[in-house]
Amino acid sequence: LYFSANDGSSGHELWAHDTSNASTWRVADIYSGTGGSYPGSYMEILVGDTLYFSANDPSSGHELWAHDTSNASTWQVADIYSGSAGSHPGQYMQILVGDTLYFDANDGSSGIELWAHDTSNASTWRVADINSGSGHGYPGQYMETLVGDTLYFSADDGSSGYELWAHDTSNASTWRVANIYSGGGDSRPGQFMLILVGDTLYFDAIDASSGMELWAHDTSNASTWQVAEIYSGLGSSNPGGTMSFLVGDTLYFSANDGSSGTELWAHDTSNASTWRVADIRSGSSDSN
């Protein structure tokens, strides 16, 4: 087991426990002295025998680090934000595609944007500057998922607000998938709910006329549509606000229709039907 822990003298650092012989040890004191490196506070992911994680040292701040479990070596992978400020890698997004990690990071000049690290050749680069200049794109703040070779995630380009974006890892192209809330408003896709059914993503999103409702995007033909307006008018049904999961072809999720409160709802993806499953707490109160 690899985990962060504080022994009272060296601060929060990377520790390990071997379950086969009951031994426990501090793997590395990344932030020497009593200061803690807080390993994994923003990201942690295993690639082969190597752990990749965020950690803080006094000279470079929170950056991307690695520990090879096969030879017990630990090193800083990249100092993306030079100096002591720290790039805070993986604060919102971390996805492994093949040997490559995709994550958000801040280099100090282009803001929080999409970055990548190829674990096979130790190269690190900024994938896209979605919010050009020093503005933050915040990739993955509300949602992130992988469909085939393509990353789908929320991001803000500085003009159209938080919308659904994509990056094709096979050809390095990045694009805005849909502007659900036209103009500069934020649709905040996937804030509460994100489920992949076949090639189609189902998620909550906001538009200017119907509030937060259930939406879908078919990754095979790039079509995007509102699945159902559960709370008619400008009211938001907030689908998935307290629960969401998939059973066969059917999504089950919490939603509010404006009259019966937050109750259990369903959407059959095979025939596009949507219905309230049960009014557990009768009347306008929420069963949550």
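Let me begin by describing the structure that accompanies this report.

Description of the pairing of strand 13 (residues 150-156)
Then, number 1: Within strand 13, 7 of the 7 residues are buried, which leaves it mostly tucked inside the rest of the structure.
Then, number 2: Of the pairings in the sheet, the one linking strand 12 (residues 144-147) to strand 13 comprises 4 bridges and is antiparallel in character. The residue bridging T145 from the neighbouring strand is Y152, located in strand 13.
Then, number 3: With antiparallel pairing between neighbouring strands as the criterion, strand 12 and strand 13 make up a hairpin whose turn holds 2 residues, including G148 at a positive phi of roughly 65°.
Then, number 4: Relative to strand 14 (residues 162-168), strand 13 runs antiparallel, the two sharing 7 bridges. Within strand 14, the residue paired with Y152 across the bridge is A166.
Then, number 5: Where strand 13 hands over to strand 14, the hairpin turn is made up of 5 residues, of which G158 adopts a positive phi near 90°.

Looking at the pattern of salt bridges
Then, number 1: All chains considered together, the criterion is met by 1 salt bridge.
Then, number 2: For D29, the salt bridge is made with R26, and the minimal N-O distance between the two is 4.0 Å.
Then, number 3: Given a relative accessible area of 26%, D29 falls into the partly exposed group.

Some points on the packing of aromatic side chains
Then, number 1: By the definition in use, this model includes 4 aromatic pairs.
Then, number 2: Centre to centre, the rings of Y142 and Y162 are 5.2 Å apart; their planes meet at 85°, and the pair counts as edge-to-face. Placement of the pair is Y142 in the loop between strand 11 (123-128) and strand 12 and Y162 in strand 14, with a sequence separation of 20 residues.
Then, number 3: By relative accessible area, which is 22% here, Y142 ends up partly exposed.
Then, number 4: Owing to a relative accessible area of 10%, Y162 belongs among the buried residues under this scheme.
Then, number 5: Ring geometry for F245 and Y252: centres 6.0 Å apart, planes at 25°, overall stacked.
Then, number 6: Judged by relative accessible area, which is 41%, F245 ranks as partly exposed.
Then, number 7: Aromatic ring contacts, followed pair by pair, group Y92, Y138, Y142 and Y162 into a single cluster.

Quick notes on the sheet that holds strand 4 (residues 44-47)
Then, number 1: On the basis of which strands lie adjacent, the open sheet formed by 4 strands has the order 4-5-6-7 and antiparallel pairing. What marks the edges here is a single partner per strand, and that holds for strand 4 and strand 7 (73-78). When the angles between neighbouring strand axes are averaged without regard to direction, this sheet yields 35°.
Then, number 2: Relative to strand 5 (residues 50-57), strand 4 runs antiparallel, the two sharing 4 bridges. Across the sheet, L46 pairs through a bridge with L51, a residue of strand 5.

Considering the sheet that holds strand 3 (residues 23-28)
Then, number 1: Across the sheet, which stays open at both edges, the 3 strands sit in the order 1-2-3 with antiparallel pairing between neighbours. Whereas interior strands pair on both sides, the edge strands pair on one side only; in this sheet they are strand 1 (2-6) and strand 3. The average undirected angle you get between the axes of adjacent strands in this sheet is 45°.
Then, number 2: Here strand 1 runs beside strand 2 (residues 12-18); their pairing, made up of 5 bridges, is antiparallel. Across the sheet, A5 pairs through a bridge with E13, a residue of strand 2.

Looking at the environment of I112
Then, number 1: Within the fold, I112 resides in strand 10 (residues 112-118).
Then, number 2: The spatial distance from the C-alpha of I112 to the C-alpha of I130 is 9.2 Å, given a sequence separation of 18 residues.
Then, number 3: Excluding its chain neighbours within four sequence positions, the residues that come into contact with I112 are Y92, D104, A105, N106, H136, G137, Y138 and P139.

Things to note about the side chain of N56
Then, number 1: By secondary structure assignment, the location of N56 is in strand 5.
Then, number 2: Other than its neighbours up to four places away in sequence, N56 contacts I30, Y31, G36, S37, G61 and H62.

Cut-offs applied
- Residues numbered from 1 in each chain as written.
- Predicted model: local features only at pLDDT ≥ 70, side-chain atom pairs only at ≥ 80, totals over all residues.
- Heavy atoms only, no water.
- Buried < 20%, exposed > 50% of the residue type's maximum accessible area, 1.4 Å probe, protein only.
- Helix = DSSP H or I, 4+ residues; strand = E, 2+ residues; numbered from the N terminus.
- Pairing = 2+ DSSP bridges.
- Salt bridge = Lys/Arg side-chain N within 4 Å of Asp/Glu carboxyl O.
- Phe/Tyr/Trp six-rings, centres within 6.5 Å; stacked < 30°, edge-to-face > 60°.
- Axes fitted to C-alpha atoms, helices over the stretch in contact; angles between N-to-C directions.
- Contact = heavy atoms within 4.5 Å.

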